[in-house]
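Okay, here's what each chain looks like letter by letter:
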Amino acid sequence: MLCVVLPTGSWVDDLRNGQGLYTYANSDCYEGEWSDNVKHGQGVYTYNDTKSQYRGTWVSGKQQGAGELIHADHKYAGTFKEDKPTGEGKYVFKHGTELHGHYVIKDVTQGDDDDEEPVVVTEAVWRCGGVTVTENPMGMPAQQTGEA
């Protein structure tokens, strides 16, 4: 996706609505659906520094629902909630291996020493359920292993 400096798309009452493309100050860009100036619907967000992309559903400006987080050598496909992966999904690597599993959302307390007030943050923790080899240079059939 080629990102441009100026926002394009539909505007209603000075708010982005409908399809459009927008480049942020850090050169990240979003191309997709907007509602009242926030990402809402299907869209692609490209991180300028890494060229990684999130492709999927947005609700009120957050990654929510089915989506893919695509990196140079692998991608994660699954469900997102509040910008975090959640539930069943899989990692697919360029060399053909797939890691199947699920994300568990848990609260973690940080900064609980004497100098800082403790802060609770929400993290997504990956639980691998198995590995599938979909391609291999030896021409052997795909195989699946158990718990990893």
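For the structure, see preceding data.
As the structure is a prediction and not an experimental result, all values here were calculated from the model. (Residues numbered from 1 in each chain as written. Predicted model: local features only at pLDDT ≥ 70, side-chain atom pairs only at ≥ 80, totals over all residues. Heavy atoms only, no water.)

One non-glycine residue, Asp36, lies in positive phi territory at about 50°. Non-glycine residue Asp83 carries a positive phi angle of around 70°. Residue placement: Asp83 occurs in the loop between β7 (74-81) and β8 (84-93). (Helix = DSSP H or I, 4+ residues; strand = E, 2+ residues; numbered from the N terminus.)

One finds Tyr30, Trp34, Tyr45, Tyr54, Trp58, Tyr76, Phe80, Tyr91 and Tyr103 forming the largest nonpolar core, which totals 9 residues. At the level of elements, β3 (29-35), β5 (53-59) and β7 are the ones that each hand at least two residues to this core. Sequence-distant contacts of Tyr76, defined by excluding residues within four places in its chain, comprise Gly67, Glu68, Leu69, Pro85, Gly87, Glu88, Gly89, Lys90, Tyr91, Tyr103 and Trp126. (Core = buried A, V, L, I, M, F, W, Y, C linked by side-chain atoms within 4.5 Å. Buried < 20%, exposed > 50% of the residue type's maximum accessible area, 1.4 Å probe, protein only. Contact = heavy atoms within 4.5 Å.)

Tallied over the entire structure, the rule returns 17 aromatic pairs. With centroids separated by 4.8 Å and ring planes inclined at 85°, the aromatic side chains of Tyr22 and Tyr24 adopt a geometry described as edge-to-face. The interplanar angle of 85° and the centroid separation of 6.0 Å between the aromatic rings of Tyr76 and Trp126 together place this pair among those described as edge-to-face. Highlighted residues: Tyr76 in strand β7 and Trp126 in strand β10 (residues 119-133), separated in sequence by 50 residues. Using a relative accessible area of 22% as the deciding quantity, one classes Trp126 as partly exposed. Arg16 extends its terminal NZ or CZ atom over the ring of Tyr22, reaching a point 4.2 Å from the ring centre. Over the aromatic face of Tyr30 sits the side chain of Lys39, whose NZ or CZ is 5.8 Å from the ring centroid. (Phe/Tyr/Trp six-rings, centres within 6.5 Å; stacked < 30°, edge-to-face > 60°. Lys NZ or Arg CZ within 6 Å of the ring centre and 35° of its normal.)

Turning our eyes to something else, we now look at the pairing of β5. Pairing of strand β4 (residues 38-46) with β5, which is carried by 6 bridges, proceeds in the antiparallel orientation. Residue pairing across strands places Gln42 opposite Thr57, the latter belonging to β5. Examined bridge by bridge, β5 and strand β6 (residues 62-70) share 6 bridges and lie antiparallel to one another. Along β6, the bridge assignment pairs Val59 with Lys62. Here β5 folds back onto β6, and the loop between the two strands holds 2 residues, one of which, Ser60, carries a positive phi near 50°. (Pairing = 2+ DSSP bridges.)

This part covers the pattern of salt bridges. Within this structure, the stated rule accounts for 2 salt bridges. Its salt-bridge partner being Lys75, residue Glu68 comes within 3.0 Å of it at the nearest N-O pair. Here Lys75 falls in the partly exposed class, since its relative accessible area comes to 27%. Linking Glu98 and Lys90 is a salt bridge whose minimum nitrogen-to-oxygen distance equals 3.7 Å. Here Glu98 falls in the buried class, since its relative accessible area comes to 13%. (Salt bridge = Lys/Arg side-chain N within 4 Å of Asp/Glu carboxyl O.)

The next point concerns the environment of Gly43. Position of Gly43 relative to the elements: it lies in strand β4. Owing to a relative accessible area of 9%, Gly43 belongs among the buried residues under this scheme. With 22 residues separating them in the primary sequence, Gly43 and Leu21 have C-alpha atoms 9.5 Å apart.

Just geometry here; none of it tells us what the structure is for.
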